[in-house]
Amino acid sequence: MKENYDLLVIGGGPGGALAARTAATAGYSVLLVEKRPAIGAPVRCAEGIGKEALAEFIKPDERWISADVTGAELVAPDGVSMKLSSEMAGSKVGYILDRKFFDRELVWQAAEAGADVMVKTRASAPIITDGAVKGAVVEYCGSRKKIHADLTIAADGVESKFARWCGIDTTVPVREIMTSAQYLMTDIDIDPHTTVFYLGNKVAPEGYLWIFPKGERTANVGIGISGKKSGPGNRAKDYLDRFVGAKFPAGKTIECIVGGVSVCRPLDSTVMDGLMVVGDAARVVDPMTGGGIYNAMFTGRLAAQVGARAVSDGACTKEALMPYDEGWRNSPMGKTIARNWHIKEKFITLSDAKLNALIHSAKTIDLKDFSTISLIKEIIRRNPLLLADLAGLMASIG
């Protein structure tokens, strides 16, 4: 580990790994630091991603794909389900990854491109000179060292401590934190190629519960609920335990993770002098689904592309880095986040009776081009009075 780099990347998840790989491939000196002792562990994700989305960044490899998903099922509060068949979904559904191996593959690729990598290394404070971020103080095995960098990329997840230390307001309202719990379960009866989502205020208030297959008789079974709905006896884990006890009483839990996912609007600005913020730290998780793997990789790569040019020009000012902020906001990904926040805000107000009505109306939908947004558009078309205030928003995007 040297003392001076072109880019310092804080966080070894998909966003940080793509940033490091992109910059190192272009010939820049890069240090990636990860606070955890091992890349990809513990897993804090349901691990799903669309096939076409993944292909933008890396060729699929069976070593880190747990399941090839060809169908989806949406279960209403009253138990009625809407199924999307493989013929309907085609190649647009996705994979369930094994993040332990997937994240490591991305970091290995960054290392092979020339990036230095340090695990169990925590960025404990920014180095700020004349208002600009110039690197960070890092701690490794009890020692402290100053790492100077022309540009620092904060990819440190939902906690986003580094950006906050630099002066960026990363606060998320409690109502827009999805508090989550997930079990990796085995010896359970599931369809190994279908993701299942359960809706309803009794099963997952202002959120949803999921079953994501990870092979035969094995799945991620998890839940996310609104932070404002969490309380004694009604935490995310409590709801999950009640569901698992009823649905999979003989199942075996071999992993348990808890955490939070931001489902708010993105940060007002994701750049400042010498600093760029990507992925969950930038609050670019999809507010409707809570998915963030693709968004992290997209912003990580874009940040490195824009940031590397600024490093070459010798001016990593906020102005020079703004094409990154403007670029992701104006991309299809950024527009999807903006739209899905409004949709999420509407859907969390719906009663179980209204959710039942929506899913009942959707049971006969036959979509030639399956996607979350095409499904929502069709539901709105079939329920014009129930979702009238969303119709204008959807019409504005075509």
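Above this note sits the structure.
Quick caveat, the model's predicted, so the values are computed rather than measured. (Residues numbered from 1 in each chain as written. Predicted model: local features only at pLDDT ≥ 70, side-chain atom pairs only at ≥ 80, totals over all residues. Heavy atoms only, no water.)

As a further point, take the pairing of strand 15 (residues 218–226). Counting buried positions along strand 15 gives nine out of nine residues, so the element sits mostly inside the fold. Pairing between strand 12 (residues 177–186) and strand 15: nine bridges, direction antiparallel. Its bridge partner lying in strand 15, Gln-182 is registered against Gly-222. As paired strands, strand 14 (residues 208–213) and strand 15 are joined by six bridges and run antiparallel to one another. Counterpart to Leu-209 in the pairing with strand 15 is Ile-223. Following strand 14, the chain reverses through four residues before pairing antiparallel with strand 15; Gly-215 in that reversal takes a positive phi of roughly 125°. (Buried < 20%, exposed > 50% of the residue type's maximum accessible area, 1.4 Å probe, protein only. Helix = DSSP H or I, 4+ residues; strand = E, 2+ residues; numbered from the N terminus. Pairing = 2+ DSSP bridges.)

Turning our attention to the side chain of Glu-47. Topologically, Glu-47 is positioned in the loop between strand 2 (30–34) and strand 3 (48–49). Residue classification places Glu-47 among the buried residues on the basis of a relative accessible area of 2%. Of the polar contacts made by the side chain of Glu-47, one reaches the side chain of Asn-220; its length is 2.7 Å. Discounting chain neighbours no more than four positions away, the residues touching Glu-47 are Tyr-95, Ile-96, Leu-97, Asp-98, Arg-99, Lys-214, Asn-220 and Ile-293. (Polar contact = N/O pair within 3.5 Å; in protein donor to acceptor, adjacent residues only side chain to side chain. Contact = heavy atoms within 4.5 Å.)

What follows is about the side chain of Ser-269. Note that Ser-269 resides in the loop between strand 16 (252–262) and strand 17 (271–272). A residue is classified by how much of its surface remains accessible, and Ser-269, at 18% relative accessible area, is buried. Apart from the residues lying within four places of it in its own chain, the contact partners of Ser-269 are Ile-168, Lys-318, Asp-325 and Arg-329.

On to the sheet that holds strand 3. Taken in spatial order, the three strands make up an open sheet running 3-7-4, and their pairing is antiparallel. The open sheet has two edge strands, strand 3 and strand 4 (65–69), and neither has a second partner. Bridge count between strand 3 and strand 7 (residues 94–97): two bridges; the pairing is antiparallel. Bridging from a neighbouring strand, Ile-49 pairs with Tyr-95 of strand 7.

Another aspect to go through is unusual backbone geometry. Of note in the backbone geometry, Glu-206 takes a positive phi value of approximately 55° without being a glycine. Topologically, Glu-206 is positioned in the loop between strand 13 (194–198) and strand 14. Within the chain, Arg-283 stands out as a residue other than glycine whose phi angle is a positive 65°. Position of Arg-283 relative to the elements: it lies in the loop between strand 18 (275–277) and helix 7 (293–313).

What follows deals with the state of the cysteines. Considering all chains together, one arrives at zero disulfides under this definition. Free of any disulfide, Cys-256 has its nearest neighbouring cysteine sulfur in Cys-45, separated by 15 Å. By relative accessible area, Cys-256 is classed as partly exposed at 43%. Free cysteine: Cys-316, not disulfide-bonded; nearest cysteine sulfur from Cys-166 at 14 Å. A relative accessible area of 13% means that Cys-316 is categorised as buried. (Disulfide = S-S within 2.5 Å.)

In this model helix 1 (residues 14–25) runs 16 Å from its N-terminal to its C-terminal C-alpha over 12 residues, within 8% of the 16 Å that 1.5 Å per residue would give. In terms of burial, helix 1 is a largely internal element, 11 of the 12 residues being buried. When we look at burial in helix 1, the residues that qualify are Pro-14, Gly-15, Gly-16, Ala-17, Leu-18, Ala-19, Ala-20, Arg-21, Thr-22, Ala-23 and Ala-24. Looking at the buried side of helix 1, the elements it contacts are strand 1 (4–10), strand 2, helix 4 (99–112), strand 11 (143–154) and helix 7. Remark: Gly-27 follows helix 1 within two positions and exhibits a positive phi of approximately 100°. (Expected span 1.5 Å × (residues − 1).)

This part takes up the pattern of salt bridges. Applying the stated criterion to the full structure yields 20 salt bridges. The shortest N-O distance in the salt bridge between Asp-187 and Arg-217 comes to 2.7 Å. Linking Asp-187 in the loop between strand 12 and strand 13 with Arg-217 in the loop between strand 14 and strand 15, this pair joins segments that are 30 residues apart in sequence. Judged by its relative accessible area of 31%, Asp-187 falls in the partly exposed class. Of the residues examined, Arg-217 reaches a relative accessible area of 34% and is grouped as partly exposed. (Salt bridge = Lys/Arg side-chain N within 4 Å of Asp/Glu carboxyl O.)

A few words on the environment of Ile-96. Mapped onto the secondary structure, Ile-96 falls in strand 7. Considering only alpha carbons, one finds Ile-96 and Thr-195, 99 residues apart in sequence, at a separation of 9.2 Å. In this view, Ile-96 contacts Ala-46, Glu-47, Gly-48, Ile-65, Ser-66, Ala-67, Val-69, Thr-195, Phe-212, Pro-213 and Lys-214; residues no more than four positions away in its chain are not counted.

Moving on: the pairing of strand 6 (residues 81–84). Both strand 5 (residues 71–75) and strand 6 contribute to a ladder of four bridges, which runs antiparallel. Within the sheet, the bridge partner assigned to Val-75 lies in strand 6 and is Ser-81. The turn joining strand 5 and strand 6, which pair antiparallel and follow one another in sequence, is formed by five residues; a positive phi near 95° is taken by Gly-79.

Our next topic: the packing of aromatic side chains. What the rule picks out here adds up to 10 aromatic pairs. On the basis of an interplanar angle of 65° and a centroid distance of 4.8 Å, the ring pair of Tyr-198 and Phe-243 is categorised as edge-to-face. Of this pair, Tyr-198 sits in strand 13 while Phe-243 is found in helix 6 (residues 236–247), placing the two residues 45 residues apart along the sequence. A relative accessible area of 13% means that Tyr-198 is categorised as buried. Note on Phe-243: relative accessible area 12%, which makes it buried. Taken together, the ring pairs connect Phe-197, Tyr-208, Trp-210 and Phe-212 into an aromatic cluster. Sitting over the ring of Tyr-95, Lys-51 keeps its end group 5.4 Å from the ring centre. (Phe/Tyr/Trp six-rings, centres within 6.5 Å; stacked < 30°, edge-to-face > 60°. Lys NZ or Arg CZ within 6 Å of the ring centre and 35° of its normal.)

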